[in-house]
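Residue strings, one per chain:
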Amino acid sequence: MSRQWRIGRVFVLRHCGMPFDWLEELAGPPALLEAADALLDLEESQAAAPPGVRAAMAACDPERVPPGRRGVPEVAEWCERAARYRAMYREADERATGELRRALRRPTVDEAIFMSNPGVYRNMLVPMLEEREPVPLDSRRRRARRQLYTYLQRFCAKSETVGFFGPMAYGTATAPGATAVLRTGLPRVRRVFLSGWAARELVRAIVRDSRMLLDLRFHRTGRAAEDGEHGEQGEQGERGEHGLLAAVGPEGATLRGLRAATGRPVREVAWELRELAAAGALDVALGGGPYDLWPLRTLAAQLAELPPSPAREEWLRRVAELDRLRGALETEPLAGKIKILDELERLFVTITGVEARRGAGATYADRAVVFEECSSPFALEVGEDLLREWERRLRPALEACVAHGHAAQTAASRRVAEALGGRGELPLPEYAARATGLFPASGGAFQAAHAPRYGDPAQGPRLAEEAAALRGDRYAVIDLCPRAGDVSGLAGAALLLARAHHHLQVPSWLGAMYPDPAGFAAEAAAWVAEQGGRLVGFDFGRRNKGYYRFPGPEVPLRPPSWTDAARPGLLRAEELTVRVERDRVRLFGPGGREVRAYLPLGDFVKYPPYAALSHPQVLHPVFAPGHGECEEVRIGGVAVQRARWRLDPAEVTQAAPEARFLALRRLARRTGRRFVFCRAERERKPYLIDLASPLAADLLGHVARGGGALTVEPMAPGPEELWLRDPEGRRYVCELRMQVIGRERP
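With an unreviewed UniProt entry as reference, the protein is termed Lantibiotic dehydratase N-terminal domain-containing protein, source organism Thermocatellispora tengchongensis.

Take a look at the structure:
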C-alpha cells in the first residue's frame, strides 16, 4: 500500500512585508569585522594560555590580563590589538544607532511599529527619530534601540501574516508545462476589523444596560437544550403552567414577552434568564456569533430592529461612531491613524469600561481593539508539472511525518488511558473536564512532550519506510521553502520542509483576502465530504483575529452562541462519547459510530487528551542527538531540519558591548553563517541574529539572559536563496503554506 500525495492547487504565499535588504544593510563596517577576526586569530593561538589570560580575552579587557603574562609577545600583541578594537567598536556602535535611525525613517516602518505597539512608537521610536545630536548609549537608550531593532528584524525576516507589513499573498496552479510565474505590482487592499474579544465586550456592555434589557431578544443555543427543558418541566409545579425555556420559540423571546407569556414578575424572569444564559442554554441575539468578521455592522442592523427608545438611539450612535473610526483607519495616513486610534480606544473604554489593549507592550501578546489585514502586491502561479514534481520529491519526507505522527499519537493515547485509570465510557464534556486536571497545557512548543525524539538523523528514511504499514488517508498543511536565487530557479530548487502542521486548509482568516473564499478551501471540503461524517470538527472558537471553520459536522467546545441553533450539522458535546480502553481512547458519535476529531489549533494537536481522539496525525519529527547539535537532516533529498547548534548563554552575555560582539564573531566562525535564528527555552519565537551587526550583539545578549541553553539554526533559505523579489530586485523572506492530502492507493 502507498499514499498518493497531492498539493492543494490554491495555497498561501507567506512573506515579509519589507525587504530583507533593509536588515542586511545594518552590518558593522568591514574594518571592524577585520579587526575582530584578527583578534580572534590571536585568541585561538592562545588556547593553552592560563585561565586568567583566557578570561581577559573572553571579556575583551586587556587590563584583566595578569601582570606576569603581559610581557609574553603574543599576549602583548593581543592587548594592543584589543585596545584598538575596543575604540573602533565603540565608534561603530554609535554609528549603528544612526544607521538604524535611517532604516526606521523609511516610509511605512514607523507606521508598522505604531500598528504593532503604539506604546513603543510613542516612547521609543519618536524620541529616537527626534534626536538632533548623538546621545551617549546608556542602558535606557540601548534598551530602546534593541526593541526597535527587534521590530525591524521581525518585519524583514519573519513570514508573519500581520497587517500591511505581513500581507496575504496567494499561489495557484496553472496549466501543465508552465514552471512558475511571479506577478508583482498588484493593488494592496487594506481592511481593518474589530477584534473578536472587543466585539464580545461590546455586546456585554449593551446587555448590561438595564434600559435595553426589556427589548433584547433571547435565543436558544442548542446546547444542553434537553437538560434545560427537563429542568424546567420539573419546576413547573412551583412556577406555574409555562416553563421559561419552553416559552422561547424559534424566533426567540424578549424579557418583556416572557413576562407576559408566563405571568411572572419581571425581576424573577430576568434572574432566571441570567441562569439559563450562564448554563449556555440561552444567549442574547446580539452580534453575529463568534465568527462574524463585521460585528459592528451586524450590531447596527440588530439595534435598528428594536423598538425606538433613547437608549437604542444612543447605542446606534456609539456603534456607528466606532465603525466610522474603524473604517477611517483603512485609508488615513499615519498622522491621522494616530489620532483616530486614540479616539477609538477612548470611546471603547468609555462604552465598555474595559481597557483597550490586552498584554500591552508584549511583542506577540499585545491585542488591540482592531487589527488590520492587507492583500499583497505578489501572486505566484506554479505549473502542474512542477507541482507534481514537488509531490514526488516530498513523498518520503511526508511519509516520515506520517510514521512520526502515528508514534506520537500512540504515546498520547497510552498516557491518557493510564491517567484515566481503567476502562469505561465518558461523555465528551466529562472527558474534557477530567483531562484538564490531569494534563497541563502544551503551550507553543514546536513538539509535544509525549512525541518521540530521534537521536540519529539516519532514522528519518526508516520512518518513511515504516509508514507503508499505516493504512488510510492523511492530511497536513506544510511550510515549504524552495531555495532559489529568483522565481525562474524554482523548477530545480532544493526544498526545505520547514514544518508539517496537522491541519487542512479550511475556511479561515488566512483566506480573508482571497477573491474566491469557497475556492480557497474547496479541496479540503471535498476530502471532508469523502469521509462521510467520520470526521468531526472540534470547534474551539475564535482566537483574537484567528478563526478556522471546519466544512463538516462540528461540536462546539467553547461558550455557546445564539447562532449555533441554526447551524446545520452542529452536534452537542453530550452526544459524543469517549471510550477508554486498556492502552487507547476512542471517540463515538450519535448512534455509536466511531468518529475521529479534527483539531483546528496547533496547541490542541499536541495536547494528549485531544491528540488521542484526532484523525491519524501527520507531525514533524525532531532529530536531537545527545549533544544537541547536528547537521542538516534530509529525507529523500528534502531537508526536514536545519542544522542546529547549542550555545551557552554565558558566551554572549558579557558586560561589555565589544565583548558581546566578539562572541557573535566566534559564533560566525563556528557556524560558517552570517545570519542565524536563535531561540531561548522560554522564548515563544526565535530571533534573527546578524552575526556581523553590533545591533544584534545587544539583542542576543538580552535573549540569552532569559536563562537556559540557546538553540541556534542557520537562516535557511539563506540571503542568496530568497527567490521572492520585487521589480526593484529587493528580496523578501517567504514560505509556501500548502495543503497536502495523501490518499490511500493499492
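Draft legend 1. Up close: the overall build of the protein. Within the protein one finds 24 helices and 26 strands. Computed over C-alpha atoms, the radius of gyration of the protein comes to 29 Å, within 12% of the 27 Å expected from 2.2 N^0.38 for 746 residues, which places it in the range of a compact globule. The C-alpha extent of the protein, read off along each of the three principal axes, is 105 × 65 × 55 Å. When contacts within the protein are restricted to residue pairs at least 6 apart in sequence, those whose partners lie at least 24 apart make up 75%. For the protein, the separation between the mean place of its 107 positive charges and that of its 98 negative charges on side chains is 1 Å.

Draft legend 2. View of the pairing of strand 16 (residues 585-588). Burial along strand 16 is two-sided: the face carrying V585 and L587 and the face carrying R586 and F588 are both buried. Relative to strand 16, strand 15 (residues 577-580) runs antiparallel, the two being bridged by four bridges. Residue pairing across strands places V578 opposite L587, the latter belonging to strand 16. As defined by bridge partners, strand 16 adjoins strand 17 (residues 594-598) across two bridges and the pair is classed as antiparallel. Looking across to strand 17, one finds that L587 is bridged to V595. Where strand 16 folds back on strand 17, the antiparallel hairpin that results is connected by five residues, among which G591 adopts a positive phi of roughly 85°.

Draft legend 3. Representation of the domain arrangement of the protein. By the assigned domains, the protein splits into domain 1 (17-157 + 643-715), domain 2 (193-223 + 250-361) and domain 3 (390-483 + 494-625). Summarising the inter-unit geometry, the C-alpha centres of domain 1 and domain 3 are found 41 Å apart.

Draft legend 4. Region of interest: the packing of helix 23 (residues 657-671) against helix 24 (residues 694-704). As a packed pair, helix 23 and helix 24 sit with axes 9 Å apart at the nearest point and diverge in direction by 95°. In terms of their interaxial angle, helix 23 and helix 24 are classed as roughly perpendicular. Residues R660, F661 and L664 of helix 23 form the contact with helix 24, whose participating residues are P694, A696, A697, D698, L700 and G701. Residue composition of the contact of helix 23 with helix 24, by class: six nonpolar, one polar and two charged.

Draft legend 5. Here's a closer look at helix 15 (residues 334-352). Under the 1.5 Å per step criterion, the end-to-end length of helix 15 is 26 Å for 19 residues, consistent within 8% with the ideal 27 Å. For helix 15, every residue scored as buried is listed here: L334, G336, K337, I338, I340, L341, L344, E345, F348, I351 and T352. In this structure, the buried side of helix 15 is in contact with helix 5 (109-116), helix 6 (118-130), strand 5 (190-194), helix 8 (196-208), helix 14 (310-328) and strand 9 (370-383). Taken from the residues just after helix 15, G353 is the one with a positive phi, measuring 75°.

Draft legend 6. Inspection of the sheet that holds strand 10 (residues 424-427) at higher detail. Taken in spatial order, the six strands of this open sheet run 10-15-16-17-13-14, and their pairing is mixed. Of all strands in the sheet, those bounded by a partner on one side alone are strand 10 and strand 14 (554-556). On average, each strand axis in the sheet is tilted by 40° relative to the strand beside it, whichever way the strands run.

Draft legend 7. Summary view of the packing of helix 4 (residues 73-104) against helix 7 (residues 139-157). Where helix 4 meets helix 7, the axes come as close as 11 Å, and the angle between the chain directions of the two elements is 45°. Relative to helix 7, the element helix 4 is oriented oblique. The two elements helix 4 and helix 7 cross, and the hand of that crossing is left-handed. Seen from helix 4, the contacting residues are D93, A96, T97, L100, R101, A103 and L104; seen from helix 7, they are R141, R142, R145, L148, Y149 and L152. Across the contact of helix 4 with helix 7, the residue classes break down as seven nonpolar, one polar and five charged.

Draft legend 8. Up close: the packing of aromatic side chains. Taken as a whole and assessed by the stated rule, the structure comprises 25 aromatic pairs. Aromatic side chains Y151 and F155 sit 6.1 Å apart centroid to centroid with 45° between the ring planes, which places their arrangement in the tilted category. Of this pair, Y151 and F155 are both found in helix 7, four residues apart, which corresponds to roughly one turn of the helix. F155 shares its class with Y151; the two are buried. Centroid distance F540 to F604: 3.8 Å. Interplanar angle 20°. Geometry classified as stacked. Separated by 64 residues along the polypeptide, F540 in the loop between strand 13 (535-539) and strand 14 and F604 in helix 21 (residues 602-605) bring together distant segments of the chain. Here F540 matches F604 in class, with each residue buried. Members of the aromatic cluster, connected to one another through ring pairs, are F538, F540, F604, Y607 and Y610.

About the cut-offs
Residue indices follow the written sequence of each chain, beginning from 1 at its first position. Residues qualify for local features only when their pLDDT is at least 70, as the model is predicted, and side-chain atom pairs are given and counted only at 80 or more; totals for whole chains, interfaces and linings, by contrast, use all residues. Only hydrogens and water are removed before side-chain values are computed, so all heavy atoms of the structure are retained for them. Secondary structure elements are taken from DSSP: a helix is a run of H or I of four residues or more, a strand is a run of E of two residues or more, and numbering for both begins at the N terminus. We take the radius of gyration over the C-alpha atoms and set the globule estimate at 2.2 Å times the residue count to the 0.38 power. Residue contacts are defined here by distance: any two heavy atoms, one from each residue, within 4.5 Å place the two residues in contact. Neither His nor the chain ends contribute to the count of charged residues, in which Lys and Arg are positive and Asp and Glu negative. The location of each charge is read from NZ of Lys, CZ of Arg, CG of Asp or CD of Glu. Each residue is placed in one exposure class: buried if its accessible area under a 1.4 Å probe, protein chains only, is under 20% of its type's maximum, exposed if it is over 50%, and partly exposed if it falls in between. Being paired, for any two strands, means DSSP has found at least two bridges between them. Marked domain ranges trace back to an automatic or database domain assignment. Orientation is described by axes fitted as lines to C-alpha atoms, over the contacting stretch for helices, and by angles from 0 to 180 degrees between their N-to-C directions. Any angle that falls under 35 degrees is termed roughly parallel, while one over 145 is termed roughly antiparallel, one within 65 to 115 roughly perpendicular, and all others oblique. Put simply, Ala, Val, Leu, Ile, Met, Phe, Trp, Tyr, Cys and Pro go in the nonpolar bin, Asp, Glu, Lys and Arg in the charged bin, and everything else, Gly too, in the polar bin. Expected helix span is taken as 1.5 Å per residue step, with the number of steps being one fewer than the number of residues. Left-handed describes a crossing whose near helix is turned anticlockwise from the far helix through less than a right angle; right-handed describes the clockwise counterpart. Within 6.5 Å between ring centres, the rings of Phe, Tyr and Trp (the latter by its six-membered ring) count as paired, and their orientation is classed by plane angle as stacked under 30 degrees, edge-to-face over 60, tilted in between.

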